[in-house]
Amino acid sequence: MGWERADATSARGLTPLLEERFSTRVFDPGYTLGVDDLRPLLEAARWAPSAGNSQPWAFLVGLRDDETHRAFVPLLSRGNAFWVPRASAVIITLHRSATDPGSDMLYSDYAAYDLGQSVAHLTVQALAAGLQVHQFAGFDHAATALAFGVPDNWTVTTAVAIGRPAPVESIEDAEPSLAQRERRLRDRNPLQGFVFAGTFGSPAEIAPAPGSR
Ligand SMILES: Cc1cc2nc3c(=O)[nH]c(=O)nc-3n(C[C@H](O)[C@H](O)[C@H](O)COP(=O)(O)O)c2cc1C
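What you see is a predicted model; the values in this text were computed from it and never measured.

**Quick notes on a nonpolar patch on the surface**
On the surface, Leu14, Leu18 and Val124 cluster together to form a nonpolar patch covering roughly 220 Å² of accessible area. Following the sequence through the fold, Leu18 ends up in helix α1 (residues 16–19).

Shown next as structure tokens:
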């Protein structure tokens, strides 16, 4: 794969696919994906675990400039309106938030968790194909539900932009502030801030992985 990040050391020690994952805002607007390219990604989502195998997820798939894509782009928040349409594909994600009418498949309390996990699996499958994925929530969820005829018991949750990253210089003139954000160091809380043992809040004794920050 080999696109370069200023902070390529920040996730060192993970499996190479996860080392290279980041939420790019610089997609190559000339790179095209087809439904066949998306199929393995959606299969990865499909085979994710879920509570009681409830599979409480649904996806609305748009390829750049197709009908779904065209209907979704005007619903993006201002901050996402430049970079999202340049991705090759956008997938709107939904989880079942109440039992389907007439179905014996009960609503699961873990539906949002399960959807997130299926998107994580989709992401890793995309990385293996040399793609990057940027999840986002900044769009008009109510208008999206209306535009796509989403039933009341399903919740529009996030969307996922998928494509090939392009060099940050390619957006320098059009979107200098976005280019600056793209160069920003990625940061995370330290393990001791959220990995506990004994009682909540007592950091577990885990040595940091070599090379991690
Ligand atoms: C639920 C969710 C909502 C997000 N919404 C947005 C968004 O609206 N716009 C955006 O640029 N990034 C969005 N992001 C991306 C995060 O900002 C990003 O994952 C985080 O800053 C960590 O950066 P990294 O993914 O490069 O490690 C979202 C991510 C998630 C999981």
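**Some details on the nonpolar core**
Phe72, Trp83, Phe136 and Phe139 are the most contacted members of the largest nonpolar core, which totals 23 residues. Elements supplying a minimum of two residues to this core: β2 (89–96), β4 (154–163) and α6 (176–183). With residues near it in sequence (within four places) discarded, Trp83 still touches Thr24, Arg25, Phe27, His134, Phe136, Ala161 and Leu178. Counting 17 residues, the second-largest nonpolar core is a separate cluster that includes Val119, Leu122, Val133 and Val160.

**Examining the pattern of salt bridges**
In total, this model carries four salt bridges according to the counting rule given. Glu43 is the partner of Arg46 in a salt bridge, and the nearest nitrogen-oxygen pair spans 2.8 Å. Residue Arg46 and its partner Glu43 are both found in helix α2 (residues 35–46); the two are separated by three residues, about one turn of the helix. Relative accessible area serves as the criterion here: at 31%, Glu43 is assigned to the partly exposed category. Across the salt bridge formed by Arg183 and Glu172, the nearest N and O atoms sit 2.8 Å from each other. Of this pair, Arg183 sits in helix α6 while Glu172 is found in the loop between β4 and α6, placing the two residues 11 residues apart along the sequence. Classification of Arg183 by relative accessible area gives partly exposed; the value is 38%. Salt bridges here are not isolated pairs; linked through shared partners, they connect Glu169, Glu172 and Arg183.

Cut-offs applied
- Residues numbered from 1 in each chain as written.
- Predicted model: local features only at pLDDT ≥ 70, side-chain atom pairs only at ≥ 80, totals over all residues.
- Heavy atoms only, no water.
- Patch = residues over 30% accessible without salt bridge, like charges linked within 9 Å, V, L, I, M, F, W, Y side chains within 5 Å.
- Areas by Shrake-Rupley, 256 points an atom, 1.4 Å probe, with all protein chains shown as cover.
- Salt bridge = Lys/Arg side-chain N within 4 Å of Asp/Glu carboxyl O.
- Helix = DSSP H or I, 4+ residues; strand = E, 2+ residues; numbered from the N terminus.
- Core = buried A, V, L, I, M, F, W, Y, C linked by side-chain atoms within 4.5 Å.
- Buried < 20%, exposed > 50% of the residue type's maximum accessible area, 1.4 Å probe, protein only.
- Contact = heavy atoms within 4.5 Å.

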